[in-house]
Amino acid sequence: MQIDPQRGYDIIGDIHGCADALERLLAGLGYRKLGGVWQHGRRMAIFLGDIIDRGPQIRESLEIVRLMVEGGHAHCIMGNHEYYALAWHTAAPAGSKQTFVREHSRRHAGIWQATAQAFANHPYEWQDYLDWFAGLPLFIDGSSFRVVHACWDKQLIEGVVARFGGGQIDRAFIQASAEQGSFAHQVFNRLLRGINLPLPGGQKMFGQDGLARRTYRARFWQEDQAPRTYAELAFQPDPMPDNIAGQRLPKGFYQQLVQHQVADPLLFVGHYWRDGEPAMIRPNLACLDYSAVNGGRLVAYRLDDELSLQAEKFVWVENRA
Ligand SMILES: [Mn+2]
């Protein structure tokens, strides 16, 4: 994947089927639809994954993004939801306890439902999109900046590059991820879903999507002052149960989790359902997922050649119903 440092990049967060918001955002960024393809004379878009699932215009969103990528006007990396779609359709390896890499459980079916409906009458088109998903890189290292859907884990990314020469993997790697704890499983889990830690004492909590979880999403970047409690370590929209939130973390616990250092290149992620006014997390870290599909904002960062993020370069559209 060639990144041209002379060119400007507009990095765009999770779309989840919000095609109207995407078109408003692109228009606001100075892109024009020519010959059916959104484009800009001097800039390219980079999509952070999670184009599908949940929202109302999944097929339309995919068409916009894919035409831009194929026309040379955008790059797109894989989100956990594109991985879920691939894994749902991939048989588990022989001898596995599972039937599919992503089991067809009720919970998984619920997440998959909106995309399944969008393509119910377009099965061949859907097969074609699955092939396209399988070719999406898991990350892009543009040397002065990096993008990954959820977490830049240096060691795992070096392992992927050693094996595949870059961020693009193959179908065998997706199949291998059926095995818990395998390298492939670790790669998809960490890069596309971030650091998920078990709640202490086997407790569970309910997210805004109504699903019960026994895990929570944790910070993966270096802070000036390390988090001291579970609440300070968490990086998710849903508050923790009160009896856990104030508990002290074990000594040295957070330091083992740090994947992104203050001296590292700029990093852009999606994934985390943020809310409020879009802003940087650190001078070299931004999350661009502001819950567009939940009535939030679809957010872009207008990147030029700066080495520290600039507050005024976050651009967004509101997506209230
Ligand atoms: Mn995601």
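Quick notes on the rules
- Residues numbered from 1 in each chain as written.
- Predicted model: local features only at pLDDT ≥ 70, side-chain atom pairs only at ≥ 80, totals over all residues.
- Heavy atoms only, no water.
- Pairing = 2+ DSSP bridges.
- Helix = DSSP H or I, 4+ residues; strand = E, 2+ residues; numbered from the N terminus.
- Axes fitted to C-alpha atoms, helices over the stretch in contact; angles between N-to-C directions.
- Donors = N, O, S within 2.8 Å, 3.2 Å for Na, K, Ca; no water.
- Buried < 20%, exposed > 50% of the residue type's maximum accessible area, 1.4 Å probe, protein only.
- Polar contact = N/O pair within 3.5 Å; in protein donor to acceptor, adjacent residues only side chain to side chain.
- Contact = heavy atoms within 4.5 Å.
- Phe/Tyr/Trp six-rings, centres within 6.5 Å; stacked < 30°, edge-to-face > 60°.
- Lys NZ or Arg CZ within 6 Å of the ring centre and 35° of its normal.
- Core = buried A, V, L, I, M, F, W, Y, C linked by side-chain atoms within 4.5 Å.

Visitor: Before we go on, may I ask you to explain the sheet that holds strand S7 (residues 145-148) in this structure?
Guide: Hydrogen bonds along the backbone pair up the strands of a sheet, which may run parallel or antiparallel. Strand order in the open sheet formed by 4 strands is S6-S7-S12-S13, with mixed pairing between adjacent strands. Each edge of the open sheet is held by one strand with a lone partner, namely strand S6 (139-141) and strand S13 (285-287). Neighbour-to-neighbour, the strand axes of the sheet open up by a mean angle of 10°, direction not taken into account.

Visitor: What is the right way to look at the coordination of the manganese ion in this model?
Guide: Around a metal, the perfect tetrahedron of four donors has angles of 109.5 degrees, and the perfect octahedron of six donors has angles of 90 or 180 degrees. Coordination of the manganese ion by the protein comes from Asp50 (OD), Asn80 (OD1), His149 (NE2) and His271 (ND1), over a distance range of 2.1 to 2.4 Å. Donor residues for the manganese ion, ordered by position in the chain, follow D-x29-N-x68-H-x121-H. Here the residue asparagine 80 occupies a position in helix H3 (residues 80-88), and histidine 149 occupies one in the loop between S7 and helix H6 (154-164), the gap between them amounting to 69 residues. Owing to a relative accessible area of 4%, asparagine 80 belongs among the buried residues under this scheme.

Visitor: Honestly, the side chain of serine 61 in this entry has me stumped. Any pointers?
Guide: The topology assignment puts serine 61 in helix H2 (residues 58-70). A polar contact is formed between the side chain of serine 61 and the backbone oxygen of glutamine 57, at a distance of 2.7 Å. If near-sequence neighbours (up to four positions away) are discounted, serine 61 is found in contact with Ile15, Gly17, Cys18, Ala19 and Ile51.

Visitor: Please clarify how the packing of aromatic side chains should be interpreted in this entry.
Guide: The way to describe two aromatic rings as a pair is by their centre distance and the angle between their planes. Using the criterion set out here, one finds 22 aromatic pairs in the structure. Summarising the aromatic geometry, the rings of phenylalanine 164 and phenylalanine 173 are spaced 5.2 Å apart at their centres and angled 75° between planes, so their arrangement reads as edge-to-face. Relative accessible area serves as the criterion here: at 0%, phenylalanine 173 is assigned to the buried category. Ring centres of phenylalanine 268 and tyrosine 301 lie 5.3 Å apart, and the angle between their planes is 40°; on these two criteria the pair is classed as tilted. Taken together, the positions of phenylalanine 268 in strand S12 (residues 266-269) and tyrosine 301 in strand S15 (residues 297-303) put the pair 33 residues apart, joining distant regions of the chain. Summarising the burial analysis for this pair, phenylalanine 268 and tyrosine 301 share the class buried. One aromatic cluster is present, formed by Trp88, Trp112, Phe119, Trp126, Tyr129, Trp132 and Phe133 through successive ring pairs. Sitting above the plane of the tyrosine 84 ring, arginine 102 keeps its charged end 3.6 Å from the centroid.

Visitor: Honestly, the nonpolar core in this entry has me stumped. Any pointers?
Guide: Soluble, globular proteins show a tendency: their nonpolar side chains are buried together. Judged by nonpolar contacts, the single largest core of 89 residues is most densely connected at Ile12, Phe47, Leu62, Met68, Trp126 and Phe133. Setting aside residues up to four positions removed in sequence, methionine 68 forms contacts with Leu26, Tyr31, Val37, Trp38, Ala45, Phe47, His73 and Ala74. Counting 20 residues, the second largest nonpolar core, distinct from the first, contains Tyr9, Leu48, Val147 and Leu309.

Visitor: Explain H3 to me, please; I cannot follow it from the model alone.
Guide: One turn of the α-helix equals 3.6 residues, which is why residues spaced by three or four share an orientation. Of all 9 residues in H3, 9 are buried, a share of seventy percent or more. Among all positions in H3, only Asn80, His81, Glu82, Tyr83, Tyr84, Ala85, Leu86, Ala87 and Trp88 are buried.

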